[in-house]
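# Report on the structure
Chain by chain, the residues run as shown.
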Amino acid sequence: MILAIETSCDDTCAAVVDRDGAIRANVISSQGVHDRYGGVVPEVAARHHLELVDVAVEDALRRAQAGWDDVDLIAVTQGPGLVGALLIGLSEAKALAAARDLPLAPVDHLQGHVAANFLAPDPFEPPFVCLIASGGHTLLARVEDRHGFTVLGSTLDDAAGEAFDKGARMLGLGYPGGPALQRLAEGGDPQAHRFPTADNVAGLDFSFAGVKTALRYALREDDRPSDADLAAAYQHAIVEQLARRTERALEETGLERLAVGGGVAANAALRERLARIGVPMHIPPRELCTDNAAMIASAARYVTPLGPGEYLGLDAYASGERGL
Ligand code: KG4
Ligand code: ZN
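Here's a quick rundown of the structure. Note that the structure is a prediction, hence the values are computed from the model and not measured. (Residues numbered from 1 in each chain as written. Chains lettered and ligands numbered in written order. Predicted model: local features only at pLDDT ≥ 70, side-chain atom pairs only at ≥ 80, totals over all residues. Heavy atoms only, no water.)

### Brief notes about the packing of aromatic side chains
Centre distance and the angle of the planes are the two values used to describe a pair of aromatic rings. This model, assessed by the stated rule, comprises 5 aromatic pairs. Judged by centre distance (6.2 Å) and plane angle (50°), the ring pair of F118 and F128 falls under tilted. In this pair, F118 is assigned in the loop between α3 (109-115) and β6 (128-133) and F128 in strand β6, connecting sequence segments 10 residues apart. Accessibility assignment for this pair places F118 and F128 in one class, buried. Relative to Y234, the ring of F195 has its centre 5.7 Å away and its plane inclined at 90°; by these criteria the two rings are edge-to-face. Placement of the pair is F195 in the loop between α5 (177-185) and α6 (209-220) and Y234 in helix α7 (residues 227-253), with a sequence separation of 39 residues. For Y234, a relative accessible area of 0% gives the class buried. Taken together, the ring pairs in this structure connect F118, F124, F128 and Y302 into an aromatic cluster. R257 extends its terminal NZ or CZ atom over the ring of F124, reaching a point 4.1 Å from the ring centre. (Phe/Tyr/Trp six-rings, centres within 6.5 Å; stacked < 30°, edge-to-face > 60°. Helix = DSSP H or I, 4+ residues; strand = E, 2+ residues; numbered from the N terminus. Buried < 20%, exposed > 50% of the residue type's maximum accessible area, 1.4 Å probe, protein only. Lys NZ or Arg CZ within 6 Å of the ring centre and 35° of its normal.)

### Observations regarding the layout of surface pockets
Its boundaries defined by the atoms lining it, the second largest pocket holds a volume of some 240 Å³. What lines the second largest pocket is a set of 15 residues, among which P190, Q235, H236, A269 and E272 lie closest to the centre. Contributions of two or more residues to the lining of the second largest pocket are made by α5, α7 and α8 (268-275). Here the element with the most residues in the lining of the second largest pocket is α7; it accounts for 5 residues. (1 Å grid on protein atoms, 1.4 Å probe; cavity = no way out; pocket = protein on both sides within 12 Å on 5 of 7 lines; lining within 4 Å. Points joined across faces, edges and corners; volume = space filled by probe spheres on them.)

### Things to note about the coordination of the zinc ion (ligand 2)
Within the protein, H109 (NE2), H113 (NE2), H137 (NE2) and D291 (OD) serve as the donor atoms for the zinc ion (ligand 2), at 2.1 to 2.5 Å. Each donor residue of the zinc ion (ligand 2) lies on the same chain, and together they follow the pattern H-x3-H-x23-H-x153-D. Taken together, the residues span a long stretch of sequence, with H109 in helix α3 and H137 in the loop between β6 and β7 (138-143) at a distance of 28 residues. Here H109 matches H137 in class, with each residue buried. (Donors = N, O, S within 2.8 Å, 3.2 Å for Na, K, Ca; no water.)

### A word on the sheet that holds β6
Pairing is mixed across the open sheet formed by 5 strands, whose spatial order is β8-β7-β6-β9-β10. Edge positions in the sheet fall to β8 (150-154) and β10 (281-282), since each of these pairs with one other strand and no more. The pairing of β7 with β8 spans 4 bridges and is antiparallel. Across the sheet, L140 pairs through a bridge with G153, a residue of β8. Most of the contacts of α7 go to β6, to which it runs at about 160°, and overall it touches β6, β7, β8 and β9 (258-261). (Pairing = 2+ DSSP bridges. Contact = heavy atoms within 4.5 Å. Axes fitted to C-alpha atoms, helices over the stretch in contact; angles between N-to-C directions.)

Right, dumping it as structure tokens:
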């Protein structure tokens, strides 16, 4: 069995997963302390990981009804993410592996999001295009096999989830803003206002700075649509941008399968719009779309593990090895 740890952002996660991708336990301890700041505070996140990571690991083993003798590999997120936060998970993983004489597999967080699609009981086989949209990242990946991916496009500024969060904040909604904005948008007319969809951005990259600024200006107008209408139109613009780039990625690669991940995959309007593209689509269950350690274990199955002499000096990376 694989014991995996993920601490790249604000969730302290540990999971136990079988080699065949069956999830034995998937523990996610959401810190819930960042809401009052309207976003994640890196230093606060790191401190909380330190308090929670041991408990999360113990909890995962207990829920999996597994002991240390059952674990034959430790997996951990190496990056990208908040360095202070990543280092807590990485140190924990090194210590556990060294103490038990186990190999360690360092995993790329984004490869983890891709590998969420390979988990049992419903694995989705490559080749496919993968859209990952969360609070921290927005990218399109070409996935040919279970071992890796190539980036087709990524955001030039904000992530899609960040655009939802910032829009929600401007509309006076709480954090995280995505679910709240979706709820407000349900009573609104998406055609009530036209927000930019960054069609001028070349290739398969994304940009959400324009839509955010446009909302700020729209809110200043005296004679403006209702908040519900603005929320609906704002959501529509984000969803259209994500969907049009995804359509283009499918066309350009000639691939005919689509996987979706990241917290924004929970958005109902996005799911509906992507379904209309008409290719077979796979969206893992919500708890596997948002940050979790089961996806890190899943990816670790295809990483060459390191022995103690190799992993003790391993460092975290903040932004992608892959240039993200
Ligand atoms: O993957 P995730 O849990 O974590 C991080 O990126 O850290 O994604 C969280 C993001 C937040 O920005 C949140 O607002 C967004 O996903 N989100 C949504 C919805 N549910 C979560 N955005 C739009 N609609 C939703 N229903
Ligand atoms: Zn993530």
